[in-house]
Structure formats: C-alpha cells, structure tokens
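Coordinate analysis (summary)
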Amino acid sequence: MLTARLRRLTRFDALVVTSLVWFLGKFLRYAFPPLFGTLGETYGVSRAALGTAFTGFMLVYAAMQFPSGLLADRVGSVRVIAGGAVLTSAGALALVVDAPFLVLVAAMVCMGAGTGTTKTVAVRLLSRTYPERTGRALGVFDTFGTFGGVAAPAVVVLVAGLAGLFGAPWRTVFLAGGLAGVAVTAAFVVRVPRRLPDDERATNANDTESDAAADGSDATAGSPGLRTYVGLFGAPRFAAFVTVTVLFSFAYNGTVAFLPLYLAEETALTEATANLLFSALFVVSLVQLVTGDASDRVGAAPVIVLTLGVATAGLVAVLALSATAGPFVLGACVVALGLGAHGFRPVRGAYLLQVVPDEVAGGGLGAVRTLLMGAGAVAPAVVGVLSETVGFQPAFALLAAALLGATALAVVLWLVER
C-alpha cells in the first residue's frame, strides 16, 4: 500500500519542479523592492534610478510572454523553461560580486527575460502533463509563485544580519537564489520530460526535425504563423474572455499598488493597520488550490463567475464602507477581494486552454498574458494620476467598475455556454 501511494505521489514530480522554477523566479523578482534602500547606498543612485531599472525588469518580463509561448509551440516547453531558468540564474549570480551599477541593471534585465519565459509556457506544459487535473495543477503552481513573493522580504531581512560571503550581505540572497536555480533547472530537465505525453515529448527531443518527420509533419513549414495567432482574436468566445482578463488585470494591479495608501488616507485606519490588512490580501492566496480543483470538478466558467463576483463585492464594499467601517469590517472586505482575485488566477489559465487550439496554446497564452500585463502595468499610473487630480474615491471607483465589467462579461459567457 505504501509503495502504491509513493508511486501516485511521484506522478507529481513534474508539477513540483516546475512550480519550484516559478517560485525562484518570483522570489528573485520580489527580492529587489525591499533592497532599494540598501542598493541606493551601495551604488550611490537615487530611488528614481532604481525604480527605472526595476521597470526595465518588468517590461522585459512582459515582452517575453508571447515570444516564449511562440517558441514553445516550435521547440517544446522544456527547452524554453529550462533556458529561461538558466538565464535567470546567471543574472542572479552576476550580482554576487561587486560591480558597477550598469551590471545591476543588466542583471535585472537578464532576470526579467529569464522569468518571462516561465508562466505562459508552464501553463501549457502542466495542462498537457495533467489533463484531468489541470485546474488543481495550476492552483499549486500559482501558490508556489505567490509564496516566492512572500518569502523574498523575509529572506532579505534574515541575511541583513549575517556576514556576507562575497562583499555586502545582500549579495548572499542572489548567490543562494542563483545556485538554487541551477539545481532546480537540472531537476526540471531530468524529471519533466518523463511525464510529458508522447507528442510533447517528441517536440522536446533532441532532433526536432526528425521527430516532426516521424509525425508526418514539418517542424518549420507546419509551425503556426503570426496570422494564426492574430486570428484567435476573431473568435467571439476567445476575444470576450481576453477582455475579462484585461479588465481584471487592470483592476487588480491598480488596487494592489495603492490599497495601503487608500486605506490609510480614506478610512480611519492607522498606517500600520492598513499595511496589516494589505498583507491579508496575499495570505489568502491558498484559495488557489481550492478553486483550481473546483474547476476540474464543475467546470471553469462557474468558478470564474464566483471568484470574480466575490472580488467585485470585496472591492465595492471597501469603497462603500470607507467612511464608517472599522478594521474588522474593512479587513473582511479586503479578504473577500483577495479570495476572489487569487481564486480567479488558476481558473483563468484552465479556461484559456479550453478556448485556444492545442497547436497554438503556447503563443496564444503568451499573447493574452502580454495584453493583461500591459493593462496591469498601466493601472498604477492611471490610479496615481486620478488620485492626485480628482481623489482616491473616483480612482478606486474606476477600478471597481472595471472589475464589475469583467464579472458581467463572465456571466454572459457562462450563460451562453450552458
């Protein structure tokens, strides 16, 4: 019995190592913001310069979504994810020794490019590896990534009190991250190909041309072109759900960027309490495991409607109760927002895989993620400008309207499919 149970568990080795690649990518990304003060002192640069460098990280990350998906459709998911992980590790290890500020910028861009290959391609890979449990697999994957962001600030604080191995103590964070990245990449390359279905394994094999010929197809001539990906947006169901994801991304990223400041200025909460409630928004991310599994059981569409509805109710309640509610009521509203927003994420990926043809899944998901991340990148700037010109309430009302629009459109999609 014990042997049989262990065999069942080993089936999920591909999920674990793929999730660890994502964990390390998110860990290294979110290690930078807590270090901005230290980095400013180390390199003698302003916060504006560091912020611009981090923007470069995120822009390169966003720009890699579609090309990485397109490349995965042509050469296979394992090669693309492994190559990105090696690039990320190299960027981290470049920060281990003292070097000019330009090296820091180049390392950040390098890590942005490397981590930008992971999410889109991993969704495709996991959906093919665990076709009957795609929602659950994506829930685990996203949860690993979320906790990479949670772990990074804690590790930064921990190493600050230790002696540095190579120069300043903060460099130990990137030494550990880079070495762990190399180890996890090796495990990924060894373990994941064994779990892939035959068609995906053939794409990832050493001789792509020979494998394609054995399939009766041509790896170059048979590969989908750019027109194929553009044509996806002509399908009403696909275009409608892309709109849902873009509206959600705009609302969520705008809210996350300014929620602590909004709570501190527009409610009776102290700054410390506002930050505590903001932390609660992320602590509830474990709900991704529940909603991912639920989508496997009852379908993605109803879970999407439920999660978006809960998120919308939470944000609208924060707006409506800002002037009168205390910390417990506002905390409950923030938790509702977090439950709905985090719960939506794995189901979003599962639904997209239902509406994107399998042969263009990588590039199709990459195109969608490029759009939603673009909308998410714009949102903080929009909220910042509106908050200074017309106030926080109208700015957050715009975010609530976007989330409400996403929910309404999701309801329409669900009703049409029933």
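This write-up is about the structure you can find in this document. (Residues numbered from 1 in each chain as written. Predicted model: local features only at pLDDT ≥ 70, side-chain atom pairs only at ≥ 80, totals over all residues. Heavy atoms only, no water.)

**A word on the overall build of the protein**
Rules: The helix and strand labels rest on DSSP assignments: H or I over at least four residues marks a helix, E over at least two residues marks a strand, and numbering proceeds from the N terminus. Exposure categories follow from relative accessible area, calculated using a 1.4 Å probe and restricted to protein chains: below 20% of the type maximum is buried, above 50% is exposed, and the middle band is partly exposed. In this analysis, two residues are considered to be in contact whenever any of their non-hydrogen atoms come within 4.5 Å of each other. The accessible surface values rely on the Shrake-Rupley method and a 1.4 Å probe; as for residues, cover is taken only from the protein chains in view.
The helix and strand inventory of the protein stands at 20 helices and zero strands. Residues counted as buried form 50% of the 418 residues belonging to the protein. Sequence separation of 24 or more characterises 83% of the internal contacts of the protein that already satisfy a separation of 6 or more. Surface accessibility of the protein: about 17900 Å² in total, with carbon and sulfur atoms responsible for 69%.

**Observations concerning the pattern of salt bridges**
The line we're drawing: Just to be clear on terms, a salt bridge is a Lys or Arg side-chain nitrogen sitting within 4 Å of an Asp or Glu carboxyl oxygen.
Going through the model one piece at a time under the given rule, you end up with four salt bridges. When the shortest N-O distance is used, the salt bridge between arginine 191 and aspartate 13 registers 2.6 Å. With a gap of 178 residues between them, arginine 191 in helix H10 (residues 171-191) and aspartate 13 in helix H2 (residues 13-30) connect regions that are remote in the sequence. Here arginine 191 falls in the partly exposed class, since its relative accessible area comes to 27%. Owing to a relative accessible area of 12%, aspartate 13 belongs among the buried residues under this scheme. Lysine 119 is the partner of aspartate 142 in a salt bridge, and the nearest nitrogen-oxygen pair spans 3.0 Å. Here lysine 119 lies in helix H8 (residues 118-129) and aspartate 142 lies in helix H9 (residues 134-160), a separation of 23 residues in the sequence.

**Brief notes about the packing of H8 against H9**
Condition: Only the contacting stretch of a helix is used when fitting its axis, a line to C-alpha atoms as for every element, and angles between N-to-C directions run 0 to 180 degrees. Crossings are assigned a handedness: left-handed for a near helix turned anticlockwise from the far helix by less than a right angle, right-handed for a clockwise turn. Residues are grouped as follows: nonpolar covers Ala, Val, Leu, Ile, Met, Phe, Trp, Tyr, Cys and Pro; charged covers Asp, Glu, Lys and Arg; every other residue, Gly included, is treated as polar.
Packing of H8 against H9 leaves a shortest axis separation of 9 Å and a crossing angle of 145°. Crossing angle aside, the handedness with which H8 passes H9 is right-handed. Facing Thr118, Lys119, Ala122, Val123, Leu126 and Ser127 of H8, the residues of H9 in contact are Thr134, Ala137, Leu138, Phe141 and Asp142. Looking at the contact of H8 with H9 residue by residue, the classes come out as six nonpolar, three polar and two charged.

**Quick look at the environment of arginine 171**
Inspection of the secondary structure puts arginine 171 in helix H10. As for arginine 171 and valine 97, which are separated by 74 residues in sequence, their C-alpha atoms are 7.3 Å apart. If near-sequence neighbours (up to four positions away) are discounted, arginine 171 is found in contact with Thr42, Tyr43, Leu95, Val96, Val97, Asp98, Ala99 and Phe166.

**Things to note about a nonpolar patch on the surface**
Our working rule: Residues qualify for a patch when their relative accessible area is over 30% and they have no salt bridge, like charges being joined within 9 Å and the nonpolar side chains of Val, Leu, Ile, Met, Phe, Trp and Tyr within 5 Å.
A cluster of nonpolar residues, Phe147, Val150, Leu286, Leu289 and Val290, forms a patch on the protein surface that exposes about 410 Å² of accessible area. If you list the elements that add at least two residues to the nonpolar patch, you get H9 and helix H16 (287-298). Residue placement: valine 290 occurs in helix H16. Overall, valine 290 belongs to the exposed group, its relative accessible area being 56%.

**Quick notes on the packing of aromatic side chains**
Spelled out, the test is: Classification of ring pairs rests on two measures: the distance between centres of Phe, Tyr or Trp rings, Trp counted by its six-membered ring, which must be within 6.5 Å, and the angle between planes, read as stacked under 30 degrees, edge-to-face over 60 and tilted in between.
One pass over the structure, following the stated rule, counts 14 aromatic pairs. An angle of 35° between the planes, with centres 5.1 Å apart, marks the rings of phenylalanine 32 and phenylalanine 174 as tilted. Note that phenylalanine 32 is positioned in the loop between H2 and helix H3 (36-43) and phenylalanine 174 in helix H10, a separation of 142 residues in sequence. Judged by its relative accessible area of 0%, phenylalanine 174 is buried. Residues phenylalanine 392 and phenylalanine 396 carry aromatic rings whose centres are separated by 5.9 Å and whose planes lie at 80° to one another, so their mutual orientation is edge-to-face. Pair noted here: phenylalanine 392 and phenylalanine 396 are both in helix H20 (residues 392-417), with a separation of four residues, about one helical turn.

**Brief notes about the nonpolar core**
Applied cut-off: Among the buried residues, those of types Ala, Val, Leu, Ile, Met, Phe, Trp, Tyr and Cys that are joined through side-chain atoms within 4.5 Å form a nonpolar core.
Residues Phe188, Leu263, Ile304, Leu308 and Phe396 are the most contacted members of the largest nonpolar core, which totals 86 residues. In this structure, Leu39, Phe57, Met108 and Met111 belong to the second largest nonpolar core, which totals 23 residues.

**Re the environment of valine 242**
Tracing the chain through its elements places valine 242 in helix H14 (residues 236-266). Residue valine 242 is classed as buried on the basis of its relative accessible area of 5%. Separated by 130 residues in the primary sequence, valine 242 and leucine 372 have C-alpha atoms spaced 8.0 Å apart.

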